[in-house]
Amino acid sequence: MADELAIVGKSLTKPDAFAKVSGQTRFADDLALPRMLFGRILRSPHPHARIVGVDTSRARALPGVLAVLTGDDLPIKFGILPVSQDEEALAREKVRYVGDPVAAVAATDEWIADEALDLIEVEFTQLPPIMSIEQAIAADAEPIHGASNVHKAVALEFGDTDEAMRAAQHVREDVVFFEGNTHLPMEQHAALAQYGADGKLTLWTSSQTPHYVHRALGKVLELPMSRIRVIATPNGGGFGGKSDIFSHELVAARLAIVTGRPVKITLTREEVFYAHRGRHPVLMRVKTGLTRDGRITAMQFRSFLDGGGYGSYGVASTYYTGALQATTYAIPRYRFEALRVFTNKPPCGPKRGHGTPQPRFALETHFDKVAEELGLDPVELRLRNLPRPDSRTVNWLRITSCGLEACINKVVEGSGFLERRRSMPRGRGLGFAVSSYLSGAGTAIYWNDMPHSEVQLKLDRNGGVALLCGAIDIGQGSDHILAAIVAEVLGVALEDIQLTTADTDLTPIDLGSYSSRVTFMAGNAAKAAAEKVRAQLFEAVARALPCDVDDLVARDRRIVRRNRPEEGVSFTQAVQLVEAGGGVVTATGSYTPPKLAGPYKGSGVGPSPAYSFSAAVVEVDCDVSTGEVRVPEVWIAHDIGRAINPVLVEGQVEGSVYMALGEALMEEQTFRLGLHKFPSLLEYKSPTALEAPVMHTYLVETIDREGPFGAKEAGQGPLLPVIPAVANAVYNALGVRIDEIPITPDKVLKAMADRSKRVGPASTPAFEFPPLIKAEIPEEWKGK
Amino acid sequence: MPIADRVAVRLRVNGEEMAVMVAPYKTLLEVLREDLGLTGTKHGCELGECSTCGVLVDGRPYLSCLAMPLDLEGREITTVEGMAHGSDPDPLQVAFAELGAAQCGYCTPAMLLTARALLDRDPHPTRDAIKEALSGVLCRCTGYLKIFEAVELAASRGRRHG
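Quantities reported herein were computed from a predicted structural model and do not represent experimental measurements.

When you go through chain B residue by residue, the secondary structure sums to five helices and five strands. The linear arrangement of helices and strands in chain B, starting from the amino end, is β-β-α-β-β-β-α-α-α-α. Against the compact-globule benchmark of 15 Å for 162 residues, chain B has a radius of gyration of 16 Å, which places it among compact chains. Taking the principal axes of its C-alpha atoms as reference, chain B extends roughly 50 × 35 × 25 Å. Here chain B, with 162 residues, has 57% of them falling under the buried criterion.

Here you go:
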């Protein structure tokens, strides 16, 4: 009994819940300081132009304006990836999208700041805008950066795919397109900077990655990082959209330094659309060879990413479009070619699922078609190609636990997919798809050998436990996960844990709330710290009782003998015993993922200490007269490893399904004459409460051997199968293939009217990829 | 604008009379957040598109980003800070906390107040009535399900005890 879990696995109320429901949570824009100024940023009205001159004299003369900045005030370039240091806080020579920051002001109120922006005169020479992949790679294209619009080109091969294709009994090829879309967090980004009389800069910011913001501030402001403190405020939604370094963070800091007063910049909703870093538009070609009975023998995959005006996470995004094909299917031979180009749009980056929803759409619709050609049901095709637990993929990704088969069975049985899909009335359909995702990127954004997550615990002689960690809660519940793990190990209550998070002065490093890494990595660090401090407690208690250390357990705020629970001391007494013996009772724990990268260039993107798996069945109800697609019901199963808090995991799964349905059916970030078509919450369509389907969520527990208490990720993976499942359901309902996301009514009507019964791209652009890097393949795949 | 052009605004917020001198073009949202320190009311667009700024005026949902304070003198304004009775949270607040209906928590104040107005009018709403009532408030985290369930849980528990 003593080893039963008391907190982990229970749907408890998270520590920050009551602050959130009472309006007490302080988001970045809720902060105000005495003498605070308001900052605003002037942005480019042109998609592509040279800056000839900036005249700020009239703005400076406006009463109430305390500072005006232009690019020359912040000349050092930055970027989230060391290989893409291509951004300026305020553009100096060129603007690269409508919304690119050009100048900034600080004033005593927002109206004066706005007025001052109108008084800044910028002279531009317009350049031809590059608004598509085809335009970007055209021979006579105006380069957006340097000499070419090719940002990254990748060509990798694992085994001889051409030979395997020739030997395949069945080969199919498809071309599909996934339009870009954005995160749309309800909270607009905001940052508040204060420069103290002691020369210390503090920045409060709505950021998923305060550690990287800290590094960028040090670089751009040329201040020692010890003189900069970054505090991430709880994020009012992130979804990847607050995991970059943003102009307004650097500008607020510089304005605070220049004026000697606190400066806050809160983006307007329109500016949030320009800050973007969202889903890349990706054009894809997938070709698979199979045996007659539906076993994959080879895959060749090509992706073309429309990156927008800057690099951002783009190099990683590019690799991610190819990395996880082989964690979802057992693929013996694999070729991956990818191209990311610059265009004159807001920069794309990581949105929930980072670079993988697009290929997932490609593969899952492709295999739906393959199954039909082979006379197999789509479920059987997946079951014949399952990745195996404790294996390595042909591109060297190490899979530990794998619950994909269990996920498939749950949704197939729950929905009655196999029986019902053959007898749906016209207009109604069922679609099925599967996916896998990382539990944290196995490599850091900047190369180093240090841990990815660290936790410090300090035990109070009155029984409280202070938990310090760099992780920031963005709504996913990371505060709860950390507190629950520590409370479980120490045998105390959740409310005994006091959290201090995401403060670079106080908390040890966590790399950030991105890549579904916090539960796995910070969770493991928290567990390690708690186990260390528990060992100190046990040692002191064992001496005091006396008894054997191995005989002790911690539970119900007591440390007692396992089989004689009446013999023991309270948790508080145990802390006091340790403190009496050696002072402050503290311990640290850290987590460094195992080195899992394969023996080839580009192997750093894709490895993760564990992968989650998901399967979905989606039911659609299509209006054959309007083309509108509604989703009344969704069945989703997710291999979570272990649910540390099931209600929070369900929330992540349901939120992922919701976001996926928005992307599948309505959300798109598109442009006309260089201008964003819908930079507002009204026109950028996203699902409301009325569109919420009935959802059946199944959590599959595989107890991963390296996850904290066996846990894996939940925040991103469950989004992935839903989008292609919608597309497959539309085919089941209407017999049309919409090979282009989003599946809007106009496309459905067009496909129904067209003889091809399809809407989608016909081909991919002619582009000469670099010579293939032919990687060694793991032993287990040789000869297969 | 010059300070001399500010106007006196008297508002009744969460049962308390409050008076401030503000620029006459400031919205209720801005006055609540910036002049009265009630930052529980959030903003998502300031154009009346997302309802994140929702408060109650005389018990009915109201977009504070489109409301002018001078028009609301004498009316009863309720913000999220006014939902609890003393330190006793509203049953909706408890249900939202228990069921994980507040993920990032940013739309939560408006969602709670809109749900409060619904339950005051219809103490046992159907799922469809809940969807309809909350359809103007955008949430990007939850997929809305936990929110519907929390409203139903609060409804099943009845009005606040005190």
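Turning to the interface of chain A and chain B, a few remarks are in order. Facing the 51 residues of chain A at the interface are 46 residues of chain B. When the buried area of chain A at its contact with chain B is split by residue, Val21(A), Trp111(A) and Met186(A) rank highest and sum to 18% of it. Our count for the chain A to chain B interface comes out at six salt bridges. Put simply, Glu654(A) and Lys146(B) hold a salt bridge, and the shortest N to O gap is 3.5 Å. The interface formed by chain A and chain B contains 26 residue pairs in polar contact (both at pLDDT 80 or more). Looking at the side of chain A that touches chain B, the elements that each hand over two or more residues are α1 (17-21), α3 (110-119) and α18 (646-665) of chain A.

All names here are of chain A. Along its sequence, chain A is carved into domain 1 (36-127 + 186-237 + 242-275), domain 2 (155-181 + 278-442 + 598-774) and domain 3 (450-591). Centre-to-centre separation of domain 1 and domain 3, based on C-alpha positions: 39 Å. Across the contact, 18 residues belong to domain 1 and 16 residues belong to domain 3. Between domain 1 and domain 3, the buried area comes to about 1200 Å², and carbon and sulfur atoms account for 52% of it. Summed over the three residues of domain 1 that lose the most area to domain 3, namely Gln208, His211 and Arg229, the buried surface amounts to 39% of that side. Here Arg229 makes a salt bridge to Asp503, at a shortest N to O gap of 2.6 Å. Taken together, the elements giving at least two residues each to the side of domain 1 that touches domain 3 come down to α6 (210-221) and β11 (228-232). Counting residues per element, the side of domain 1 that touches domain 3 draws most heavily on β11, which supplies five residues. The residue makeup of the side of domain 1 that touches domain 3, split by class, is seven nonpolar, nine polar and two charged.

The next subject is the side chain of Asn181(A). Residue and element names in this part refer to chain A. Looking at where Asn181 falls in the secondary structure, it is placed in the loop between β8 (170-178) and β9 (190-195). A distance of 2.8 Å separates the side chain of Asn181 from the side chain of Lys351, its partner in a polar contact. In contact with Asn181, not counting residues within four places along its chain, are His276, Gly278, Arg279, Lys351, Glu663, Glu667, Glu668, Gln669 and Tyr684.

Residues and elements named next belong to chain A. The geometry of α6 relative to helix α7 (residues 247-259) is characterised by a closest axis approach of 10 Å and an angle of 50° between their N-to-C directions. On the basis of the axis angle, α6 is oblique to α7. Of the two possible hands of crossing, α6 and α7 adopt the one that is right-handed. In this structure, α6 uses Val213, Ala216, Leu217, Val220 and Leu221 to contact α7, whose residues at the interface are Glu249, Leu250, Ala253, Arg254 and Ile257. For the contact of α6 with α7, a count of residues per class yields eight nonpolar, no polar and two charged.

Turning next to the side chain of Glu364(A). Residues and elements named next belong to chain A. By the element assignment, Glu364 lies in helix α11 (residues 357-374). In this structure the side chain of Glu364 is engaged in a polar contact, spanning 2.7 Å, whose partner is the side chain of Tyr329. Discounting chain neighbours no more than four positions away, the residues touching Glu364 are Tyr329, Arg382, Ala433, Val434, Pro724 and Asn728.

Take the sheet that holds strand β3 (residues 65-70) of chain A next. Residues and elements named next belong to chain A. What the seven strands build is an open sheet, ordered β3-β5-β1-β12-β9-β10-β11; its pairing is mixed. Edge positions in the sheet fall to β3 and β11, since each of these pairs with one other strand and no more. The mean inter-strand angle of the sheet, taken between neighbouring strand axes irrespective of direction, is 20°. Sheet contacts for α7: β1 (37-43), β3, β5 (101-107), β9, β10 (201-205) and β12 (263-266); angle to β9, the most-contacted strand, approximately 25°.

All names here are of chain A. Read from one edge of the open sheet, seven strands run β32-β8-β13-β14-β15-β7-β34, paired in mixed fashion. Two strands bound the open sheet, and with one partner strand each, they are β32 (740-741) and β34 (773-775). Two strands pair when backbone bridges link them, and β8 and β32 are joined in this way by two bridges, in the parallel orientation. Bridging from a neighbouring strand, Phe178 pairs with Ile741 of β32. Against the sheet, α11 makes contact with β8, β13 (282-290), β14 (296-306) and β32, and its axis sits at roughly 145° relative to β8, the strand it touches most.

Moving on, we get to the domain arrangement of chain B. Residue and element names in this part refer to chain B. Looking at the assigned domains, one finds that chain B contains domain 1 (3-82) and domain 2 (91-157). For domain 1 versus domain 2, the distance between C-alpha centres works out to 22 Å. Domain 1 puts 14 residues into the contact, and the matching count from domain 2 is 13 residues. A combined buried area of about 1100 Å² lies between domain 1 and domain 2, and 67% of that area is made up of carbon and sulfur atoms. On the domain 1 side of the interface with domain 2, the three residues burying the most area are Thr52, Leu56 and Val80, jointly 37% of the side's total. Where domain 1 meets domain 2, there are zero salt bridges. Here domain 1 is connected to domain 2 by three residue pairs in polar contact (both at pLDDT 80 or more).

Another aspect to go through is the packing of aromatic side chains. Within this structure, the stated rule accounts for 18 aromatic pairs over all chains. With centroids separated by 5.1 Å and ring planes inclined at 85°, the aromatic side chains of Phe27(A) and Tyr106(B) adopt a geometry described as edge-to-face. Here Phe27(A) is found in the loop between α1 and β1, whereas its partner Tyr106(B) is found in the loop between α2 (91-98) and α3 (108-121) on a different chain. Comparing Phe27(A) with Tyr106(B) shows no difference in burial state: the two are buried. Centre to centre, the rings of Phe178(A) and Phe361(A) are 6.1 Å apart; their planes meet at 80°, and the pair counts as edge-to-face.

Residue and element names in this part refer to chain A. The omega angle of the peptide bond from Leu545 to Pro546 is -10°, so this bond is cis rather than trans. Despite not being glycine, Arg557 has its phi angle at roughly 60°, a positive value. The residue Arg557 is located in the loop between β22 (552-555) and β23 (558-561) in this model.

This part covers the nonpolar core. Among the nonpolar cores identified, the biggest contains 198 residues, and Phe432(A), Val620(A), Val730(A), Ile743(A) and Phe96(B) are the most heavily contacted of them. Here Val620(A) is in contact with Gly427(A), Arg428(A), Gly429(A), Val629(A), Arg630(A), Val631(A), Pro632(A), Val726(A), Ala729(A), Val730(A) and Ala733(A), once residues within four sequence places are set aside. Membership of the second largest hydrophobic core comes to 51 residues, among which are Ile7(A), Ala483(A), Val575(A) and Ile644(A).

What follows covers the pattern of salt bridges. Residue and element names in this part refer to chain A. This model, assessed by the stated rule, comprises 70 salt bridges over all chains. Between Glu271 and Arg43 there is a salt bridge, and its shortest N-O distance comes to 2.7 Å. Residue Glu271 is located in helix α8 (residues 269-275), and its partner Arg43 is located in strand β1; the two are separated by 228 residues in the primary sequence. Side by side, Glu271 and Arg43 carry an identical accessibility label, which is buried. Note that Arg557 is salt-bridged to Glu495, the shortest N-O span being 3.9 Å.

Residues and elements named next belong to chain B. Between α3 and helix α4 (residues 127-134), the least distance of the axes is 10 Å, while the angle of their chain directions is 135°. Considering the angle they form, α3 stands oblique to α4. Every pair of crossing elements has a handedness; the one defined by α3 and α4 is right-handed. Together, Met111, Thr114, Ala115, Leu118 and Arg121 of α3 and Ala129, Ile130, Ala133 and Leu134 of α4 make up the contact between the two elements. Counted by class, the contact of α3 with α4 contains seven nonpolar, one polar and one charged residues.

Burial analysis of helix α1 (residues 28-35) of chain B places six of its eight residues in the buried class, the great majority of the element. For α1(B), the set of buried residues is Leu28(B), Leu29(B), Glu30(B), Val31(B), Leu32(B) and Arg33(B). Check the buried side of α1(B) and you find it contacts α3 of chain A together with β1 (7-13), β2 (16-22), β3 (54-57) and β5 (76-78) of chain B. Note on α1(B): the residue one or two positions beyond its end, Gly37(B), has a positive phi of about 70°.

Rules behind the numbers
- Numbers given for residues are sequential positions, taken from 1 along each chain in its written order.
- Each chain is given a letter, starting from A, and each ligand a number, starting from 1, according to the order in which they appear as written.
- Reporting of local features is limited, given that this is a predicted model, to residues whose pLDDT is at least 70; pairs of side-chain atoms are given and counted only at 80 or more, and all residues count toward the totals for whole chains, interfaces and linings.
- Side-chain measures were taken over the full set of non-hydrogen atoms in the model, leaving aside hydrogen atoms and water.
- Here a strand is any run of E in DSSP of at least two residues, a helix any run of H or I of at least four, and the numbering for each starts at the N terminus.
- C-alpha atoms define the radius of gyration, and 2.2 Å times the number of residues to the power 0.38 defines the globule rule.
- Per-residue accessibility, obtained with a 1.4 Å probe over protein chains only, is compared with the maximum for each type, and a residue is labelled buried under 20%, exposed over 50%, and partly exposed between these values.
- Two residues form a contact once any of their heavy atoms are found within 4.5 Å.
- As used here, buried area is the combined drop in accessible area, with a 1.4 Å probe, of two parts when they are placed together.
- In what follows, salt bridge is the name for a side-chain nitrogen of Lys or Arg lying within 4 Å of a carboxyl oxygen of Asp or Glu.
- For this analysis, a polar contact is any N or O atom pair within 3.5 Å, provided that within protein one partner can donate a hydrogen and the other can accept it, and provided that sequence-adjacent residues contribute only side-chain to side-chain pairs.
- Domain delimitation in this document rests on an assignment produced automatically or drawn from a domain database.
- Residues were grouped as follows: Ala, Val, Leu, Ile, Met, Phe, Trp, Tyr, Cys and Pro as nonpolar; Asp, Glu, Lys and Arg as charged; and all remaining residues, including Gly, as polar.
- Inter-axis angles, ranging from 0 to 180 degrees, are taken between N-to-C directions of lines fitted to C-alpha atoms, where helices are fitted over the stretch in contact.
- The cut-offs work like this: below 35 degrees is roughly parallel, past 145 is roughly antiparallel, 65 to 115 is roughly perpendicular, and the gaps in between are oblique.
- Left-handed describes a crossing whose near helix is turned anticlockwise from the far helix by less than a right angle; the clockwise case is right-handed.
- Strand pairing requires that DSSP identify at least two bridges connecting the strands.
- Under the pairing criterion, centres of Phe, Tyr and Trp rings, with the six-membered ring standing for Trp, must be within 6.5 Å; the plane angle then separates stacked pairs below 30 degrees from edge-to-face pairs above 60, leaving the rest tilted.
- What makes a nonpolar core is a set of buried Ala, Val, Leu, Ile, Met, Phe, Trp, Tyr and Cys residues whose side-chain atoms join them at distances within 4.5 Å.

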